[in-house]
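Structural characterization, general
Residue-level listing of the chains:
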Amino acid sequence: DEERLTPAPKIRVGRRGTTVRVSEGDEGILVSGMGTAIADTVIEQDAAYWEVRVVEPGAGVQIGVSYALTGHLLDAQLGDKENSWSISGADGIPFARDDVIGVAYGQGDIPNLRYFHNNKLMEDATVLRIRGEGYPAVSVCSDAQLLWV
């Protein structure tokens with residue numbers, strides 16, 4: 001008796017900065033350029049988890065959660081802790097090619113936001129509380145590339 005697995009919902013990019021490039025492939029969504037890309041769907045369920053693979057760390061990447069950013073905020077990097085919360089390679093552990101960053105967001109949990117670097121919890125990077133509607137989001141800088149899976 002084979003158990004049927006339900007595929008995870010696919011992330012799609014809803015908004016992005018003017019110089020952010022996005023291309024969809026079998027492995028996920030490749031994000032490059034300069035600025036921020038935000039998923040097209042708000043995190044509505046009690047808990048969500050997604051992963052991003054660092055293809056090329058370049059000058060910097062940010063991975064996290066943001067509000068529905070628009071305009072010039074999409075051309076900037078995530079992580080201002082007012083409109084977006086993120087982890088970067090500058091937050092203690094430099095990111096390298098093929099690192100996998102997991103993001104766990106739970107509206108009913110404290111802390112609300114936790115990050116995993118190659119399956120290891122990054123305790124110093126947790127965010128206690130985010131209020132309002134959050135979206136999965138990433139930022140790239142210069143020659144950086146991320147694969148949203």
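Residues numbered from 1 in each chain as written. Predicted model: local features only at pLDDT ≥ 70, side-chain atom pairs only at ≥ 80, totals over all residues. Heavy atoms only, no water.

Describing the pairing of strand β8 (residues 113-117)
Counting buried residues along β8, four of its five residues qualify, which places the element largely inside the surrounding structure. Counting the residues between successive antiparallel strands, the hairpin from strand β7 (residues 100-106) to β8 contains six residues. Sheet topology places β8 next to strand β9 (residues 120-121); two bridges connect them, and they run antiparallel. Counted as the bridge partner of H117 is K120 from β9. What sits between the antiparallel neighbours β8 and β9 is a turn of two residues, in which N118 has the positive phi angle 50°. (Buried < 20%, exposed > 50% of the residue type's maximum accessible area, 1.4 Å probe, protein only. Helix = DSSP H or I, 4+ residues; strand = E, 2+ residues; numbered from the N terminus. Pairing = 2+ DSSP bridges.)

With respect to the nonpolar core
If you look at the biggest cluster of nonpolar residues, it comprises 31 residues, and the most contacted ones within it are W50, I63, L113 and W148. When residues of this core are traced back to their parent elements, those giving at least two are β3 (28-39), β4 (47-56), β5 (60-66), β6 (84-88), β7, β8, β10 (135-141) and β11 (145-148). With residues up to four places along the chain from it excluded, the contact list for I63 reads V52, W85, S86, I87, F95, I101, V103, Y115, A137, V138 and L146. Judged by nonpolar contacts, the second largest core, of seven residues, contains V42, L69, Y135 and A137. (Core = buried A, V, L, I, M, F, W, Y, C linked by side-chain atoms within 4.5 Å. Contact = heavy atoms within 4.5 Å.)

Concerning the environment of G28
As for its placement among the helices and strands, G28 is situated in strand β3. Note on G28: relative accessible area 12%, which makes it buried. Sequence separation of G28 and I11 is 17 residues, and the distance between their C-alpha atoms is 8.3 Å. Setting aside anything within four residues of it in sequence, one finds G28 in contact with S23, L147 and W148.

Some words on the packing of aromatic side chains
For the coordinates displayed, the defined rule picks out two aromatic pairs. Centre to centre, the rings of Y49 and F116 are 6.4 Å apart; their planes meet at 65°, and the pair counts as edge-to-face. Taken together, the residues span a long stretch of sequence, with Y49 in strand β4 and F116 in strand β8 at a distance of 67 residues. We classify Y49 as partly exposed; its relative accessible area is 43%. Ring centres of Y67 and W85 lie 5.2 Å apart, and the angle between their planes is 85°; on these two criteria the pair is classed as edge-to-face. A residue pair is termed long-range when its members are at least 10 positions apart, and Y67 in the loop between β5 and β6 and W85 in strand β6 qualify at 18 residues. According to the relative accessible area criterion, W85 is buried, its value standing at 9%. (Phe/Tyr/Trp six-rings, centres within 6.5 Å; stacked < 30°, edge-to-face > 60°.)

Here's the deal with the pairing of β7
Taken across its seven residues, β7 has six buried, putting it largely inside the fold. Bridge count for β4 against β7 is seven bridges, and the pairing is antiparallel. Directly across from Y49, in β7, lies its bridge partner A104.

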